[in-house]
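Coordinates in review
Listed below are the residues making up each chain.
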2 protein chains.
Amino acid sequence: MALKHVILTVLHEGPATGYEIVKAFDDVMGYFWNASHQQVYHDLGRLTEAGLVRFTEVSQDHRPDKKVYELTSEGRDALRHWVEAPMKPQRTQDELLVRLLAGERVGSQGMEDLVASQRTLHEEKLRTYLAIEAEHFREVPLEALPPEHRLVYMTLRRGILGERAWLAWADEVEAVLATMRE
Amino acid sequence: MALKHVILTVLHEGPATGYEIVKAFDDVMGYFWNASHQQVYHDLGRLTEAGLVRFTEVSQDHRPDKKVYELTSEGRDALRHWVEAPMKPQRTQDELLVRLLAGERVGSQGMEDLVASQRTLHEEKLRTYLAIEAEHFREVPLEALPPEHRLVYMTLRRGILGERAWLAWADEVEAVLATMRE
DNA sequence: TATCTCATGTAAGTGGTTACATGATTGC
DNA sequence: GCAATCATGTAACCACTTACATGAGATA
């Protein structure tokens, strides 16, 4: 249900093509949402059917034709209602934890490697986020940031705090795995 | 793909009914995995077809009949291979962050309430986890814990560290929302 | 008398991934 | 000449949710 609303949120900023929305997932939204281009195009189709967005086809020279989507007033209303609606509990499914338990039970020897490889990924993410923070959000106090950037910054902070917590946990796990090695 | 492996992991401990596996999600695995009973029964069917588990029907007095599932040796092998297989990136989809951005854009007045209600949920979770930790895992040093409980404890620690990070982030968000109120 | 526990499922639908498909233009 | 960017989609499949369905026994 949520991807549709993510798309509506992007389009609330202004008209965009499916291609541009997909890019937004790789750029700004990458650290709290991801979606394949297929799913985005699919949902744009559903949203159009539902009358929440509309598009105008634009033919271009030297480039494929494109469809520029924009919110309808129904889409704007739908987004407004969704924001205020009660949130149902997110599901938690952490595959690494399952692997650790399973690995212990089957007597796997590769659990240190498994954790180490995940650690690398999380360290990279954290480094990226900190670089973005240093470049775009180093203003202190917060009031120095333009209001419309403050919550965007908070989504980045979520990533930073989340990754730090993960890494602190990984330290504990590595210590535990060391006690079990002997 | 992963729920099947979670089920195999549970069954590696010993035979169980679908009902008991579902209960395990409410108890021990609740803080890092959840699944509906329908999905569990469905996947037990698929796993049986695939020859990774088998069941024996047990008829009971004063109780419905039940199917007691156990791992086959193929199932044991499949679990062993899965543990060592490379992990593909998990998807990140944080609905609350989308709501905050959307709420800002549509000019919603209810964002403090939204964050507050989520905070309550996370505080409750943290309290539960800390209670479990105090009751079952207070042994220090870690070597005092039986080896087979140490990684189980680490799954709990993941929950604790994750919830604390979430709450620290919520503090920041509330401060930001306060700057935007004026 | 009402709710909880035990115990298992079907059917319909939502949300998402993976593989496949096309094809011109721009930059190294 | 080769990869990346721009730009859109279909088809098959996988994972999961929600609603519906049944029914006995134990507990308050």
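Model, not experiment: these values are computed from the prediction.

Here's the deal with the overall build of chain A
In terms of regular secondary structure, chain A is built from seven helices and three strands. When the helices and strands of chain A are read in sequence order from the N terminus, they spell out α-β-α-α-β-β-α-α-α-α. Here chain A has a C-alpha radius of gyration of 21 Å; the compact-globule value for 182 residues is 16 Å, and the former is much larger. Counting only C-alpha atoms, chain A reaches 65 × 45 × 45 Å along its principal axes. Among the 182 residues that make up chain A, the fraction classed as buried is 46%. Pairs at least 24 residues apart make up 55% of the contacts formed inside chain A by residues separated by at least 6 positions. Of the roughly 9800 Å² of accessible surface on chain A, a fraction of 52% belongs to carbon and sulfur atoms.

Observations regarding the domain arrangement of chain A
Segmentation of chain A into domains returns domain 1 (2-84) and domain 2 (95-181). Put simply, the middle of domain 1 of chain A and the middle of domain 2 of chain A, counted by C-alpha atoms, are 30 Å apart.

Digging into the relation of the copies chain A and chain B
After a rotation of 180° and a shift along the axis of 0.0 Å, chain A superposes on chain B with an RMSD of 0.1 Å. Considering both components of the superposition, the chain copies are consistent with a two-fold axis. Every residue of chain A has its C-alpha some distance from the rotation axis, and the shortest such distance is that of A165 of chain A, at 3.1 Å. Here 100% of the interface residues in chain A have copies in chain B that are interface residues too; the copies meet face to matching face.

Quick notes on helix α3 (residues 37-49) of chain B
All names here are of chain B. In this model α3 runs 19 Å from its N-terminal to its C-terminal C-alpha over 13 residues, within 8% of the 18 Å that 1.5 Å per residue would give. Within α3, the full set of buried residues consists of V40, D43, L44 and L47. All buried residues of α3 lie within an arc of 110° about the axis, which places them on one face of the element. Residue G51 follows α3 closely and has a positive phi angle near 75°.

Some words on the sheet that holds strand β1 (residues 16-17) of chain B
Residues and elements named next belong to chain B. Pairing is antiparallel across the open sheet formed by three strands, whose spatial order is β1-β3-β2. Both outer strands of the open sheet, β1 and β2 (53-58), are each paired with one neighbouring strand and no more. Here six bridges tie β2 to strand β3 (residues 66-71), and the two strands are oriented antiparallel to one another. Directly across from E57, in β3, lies its bridge partner K67.

What counts, and where the lines are drawn
- Residues numbered from 1 in each chain as written.
- Chains lettered and ligands numbered in written order.
- Predicted model: local features only at pLDDT ≥ 70, side-chain atom pairs only at ≥ 80, totals over all residues.
- Heavy atoms only, no water.
- Helix = DSSP H or I, 4+ residues; strand = E, 2+ residues; numbered from the N terminus.
- Rg over C-alpha atoms; globule rule 2.2 N^0.38 Å.
- Buried < 20%, exposed > 50% of the residue type's maximum accessible area, 1.4 Å probe, protein only.
- Contact = heavy atoms within 4.5 Å.
- Areas by Shrake-Rupley, 256 points an atom, 1.4 Å probe, with all protein chains shown as cover.
- Domains from an automatic or database assignment.
- Least-squares fit on C-alpha atoms with pLDDT ≥ 70 in both.
- Expected span 1.5 Å × (residues − 1).
- Arc of directions from axis to C-beta.
- Pairing = 2+ DSSP bridges.

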